[in-house]
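# Structural characterization, general
Given next are the chains, with one letter for each unit.
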Amino acid sequence: MRAVPTPATPAPTGFPEELRAWQAPLREQFPIITANPGLAYLDSAATSQKPRAVLDAATAYLTTSNANAGRGTYPWANRTTRLVEQARDTVRAFLGDPEPARSRVDFVSGASEGLRRVALDWLPRFLTDGDEIIVPLGDHEANALPWFEARDLLAARGVRITVHEMPYQRDSHDYDMAALAALVTPRTRFVAATHVHHVYGGDMTVHLVRRAVGPEPVICLDAAQSVGHVPVDLAALDVDFLAFSGHKALALPGTGALWSRGLRGPVFAPGGWDGTPNTAGIVSLTAALDWLGDAGPARIGTWTEALAARLTDGLRHLERYEILGCPLSLAFDSPVRRRRGIVTFRHRAMEAVDLGFILYDRGHMVRSDRHCQGRAGEERTSVRASVHVYNTPEEIDRLLDDLAAL
Ligand code: PLP
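Here's what I pulled together on the structure shown here. (Residues numbered from 1 in each chain as written. Predicted model: local features only at pLDDT ≥ 70, side-chain atom pairs only at ≥ 80, totals over all residues. Heavy atoms only, no water.)

## Here we look at the sheet that holds strand S4 (residues 162-165)
Stated formally: At least two DSSP bridges between two strands are needed for those strands to be called paired. Strands are runs of DSSP state E lasting at least two residues, helices are runs of H or I lasting at least four, and both sets are numbered from the N terminus onward. In this analysis, axes come from line fits to C-alpha atoms, helices being fitted only over the stretch in contact, and the angle between any two N-to-C directions falls in the range 0 to 180 degrees. The contact rule is simple, with two residues in contact once any of their heavy atoms fall within 4.5 Å.
Here we have 7 strands laid out as an open sheet, ordered S2-S8-S7-S6-S5-S3-S4, and mixed in their pairing. Of all the strands in the sheet, just strand S2 (104-108) and S4 have a single pairing partner and so form its edges. Here the strands of the sheet are splayed against their neighbours by 15 degrees on average, with no regard to which way each runs. Along the sheet, helix H6 (residues 145-156) makes contact with strand S3 (132-135), S4, strand S5 (188-194) and strand S6 (218-222), crossing S3 at roughly 160 degrees.

Encoded structure:
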């Protein structure tokens, strides 16, 4: 078991009044949160709660102009088509797309479907015999399994590709950029990476991946835990694909998007029949991204990092708990912001699932299992507490008090 170092200076635990004044009215906008004052929802990395504006947008659409998109000629159908196109523009703007006229936005049910589309609809037409790809097996399975499916699909056609494991640094769980650069050969055509780790909460410094792999390989980014949680800027990331889950970013379940740069390789056009889109979900995604844009992704990131830092700092003083990933977490005045709004831990003497049940009895909704981590991930189960803009320091303190008593 890893020894937990004590930092030279303790991280600040007070929350600036100005930030609290900003957050309080935002929390009030989440009906499910205000209706359950005795419960703390600490599972936003799995899915987020929805603000009134998002629920209202979907209801308004369904009660005034529900129709199919891109098909009819009557006003409801035309409006639906317009709303779907508007949602594509909203996604591009929200992600800071530097070349919106050239990119493509596909609506999907979540990051998993987005990544599978890249793996199964695009990659097999891009790779040729002898090519190599690099994929992260310590991240979410959604960003590991599809690349092997693509390899097997190609092998069945007689096209052999090699799948390399993305190298990690042992302690920080960030990617090891030097080892990554050393893995690249002239046959490396594709690299998959994750923006924010769903177990360790670490920011994976993916803006350094392009520098490590050079200009040629196509980079596909799983942004399931970053979009809606922290600012995401495509111009700075320099990736070719980005998939995210709208439902983790305050939109309705069954929403997400796959953004593709559309500059290199075969055009992303599987040519299949996509069928009727999730129009109400897409409308909710526009409303969610607008809401997040107004609230300010940078401030949301500061808030959730500070909550995670509070939890990490509290846990560090509880001997019976082991924190997964980097045990240090600083907020507000830290030059190094490494942990986003996710903290995963284990009780040294209690199974994570048991702890999850006990915590729910005390009003905390956390997740306890293996968190769908890929095969290079943790073998044992753990408890994950993940926050969003609606969570408060008081909820974290209550959780810490209850953990301390166990
Ligand atoms: N990638 C990461 C990092 C995730 O955390 C998740 C979900 O937890 C996914 C992908 C899959 O997202 P979805 O279930 O929305 O498809």
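## Here's the deal with the site of the ligand
Note the cut-off: Think of it this way: one heavy atom of a residue within 4 Å of a molecule or strand is enough to make that residue near it. Polar contact is the term for a pair of N or O atoms within 3.5 Å; when the atoms are in protein, one must be able to donate a hydrogen and the other to accept it, and sequence-neighboring residues count only if both atoms are side-chain atoms. Here the open area of atoms and residues is found with the Shrake-Rupley method and a 1.4 Å probe, where only the protein chains shown may cover a residue. The nonpolar class holds Ala, Val, Leu, Ile, Met, Phe, Trp, Tyr, Cys and Pro. Asp, Glu, Lys and Arg form the charged class, and all remaining residues, Gly among them, are polar.
Residues in contact with the ligand amount to 13 residues; listed here are only the nearest, Ser112, Asp222, Ser245, His247 and Lys248. Side-chain polar atom of glutamine 225 to an oxygen atom of the ligand: 2.7 Å apart, as the coordinates give it. One of the side-chain N or O atoms of lysine 248 is found 2.7 Å from an oxygen atom in the ligand. Here the ligand, which alone exposes 390 Å², has 87% of that area covered by the protein. Among the residues making up the shell around the ligand, the classes are represented as 4 nonpolar, 7 polar and 2 charged.

## Notes on the pattern of salt bridges
The cut-off we apply is this: Every case where a carboxyl oxygen of Asp or Glu lies within 4 Å of a side-chain nitrogen of Lys or Arg is listed as a salt bridge. The classification of residues rests on relative accessible area computed with a 1.4 Å probe and restricted to protein chains. Under 20% of the type maximum is buried, over 50% is exposed, and intermediate values are partly exposed.
Following the criterion strictly, the structure yields 25 salt bridges and no others. Ionic pairing is found between arginine 210 and aspartate 240, a salt bridge with its closest N-O pair at 3.0 Å. On the criterion of sequence distance, the pair formed by arginine 210 in helix H8 (residues 209-213) and aspartate 240 in the loop between helix H9 (234-237) and strand S7 (241-245) is long-range, its members being 30 residues apart. Considered together, arginine 210 and aspartate 240 belong to a single accessibility category, that of buried residues. Between arginine 316 and aspartate 313 there is a salt bridge; the shortest N-O distance is 3.1 Å. On the criterion of helical spacing, the pair formed by arginine 316 and aspartate 313 is a turn pair, its members being 3 residues apart in helix H11 (residues 297-316). Given the relative accessible area of 15%, arginine 316 is considered buried. We classify aspartate 313 as buried; its relative accessible area is 5%.

## A word on the nonpolar core
Going by this rule: In this description, a nonpolar core means a group of buried Ala, Val, Leu, Ile, Met, Phe, Trp, Tyr and Cys residues linked to one another through side-chain atoms lying within 4.5 Å. Each domain span listed reflects an automatic or database assignment of domains.
Membership of the largest hydrophobic core comes to 79 residues, with the highest contact counts inside it found for Leu95, Leu242 and Leu315. Composition of this core by domain shows at least three residues from each of domain 1 (17-50 + 296-404) and domain 2 (55-294). Contacts of leucine 95, omitting those with residues within four sequence positions, involve Val227, Val232, Asp233, Leu234, Leu242, Phe244 and Trp259. Ranked by size, the runner-up nonpolar core spans 26 residues in total, among them Trp147, Val159, Ala192 and Val218.

## Some words on the environment of asparagine 68
Note that asparagine 68 resides in the loop between helix H3 (52-64) and helix H4 (75-94). With a relative accessible area of 23%, asparagine 68 lands in the partly exposed category. Here the alpha-carbon distance between asparagine 68 and proline 277, two residues 209 residues apart in the chain, equals 7.8 Å. For asparagine 68, the residues in contact, after removing those within four places along its chain, are Ala77, Thr80, Thr276 and Pro277. Looking at asparagine 68, its side chain comes within polar contact range of the side chain of arginine 71, at 3.3 Å. Among the polar contacts listed, one links the side chain of asparagine 68 to the side chain of threonine 276, at a separation of 2.9 Å.

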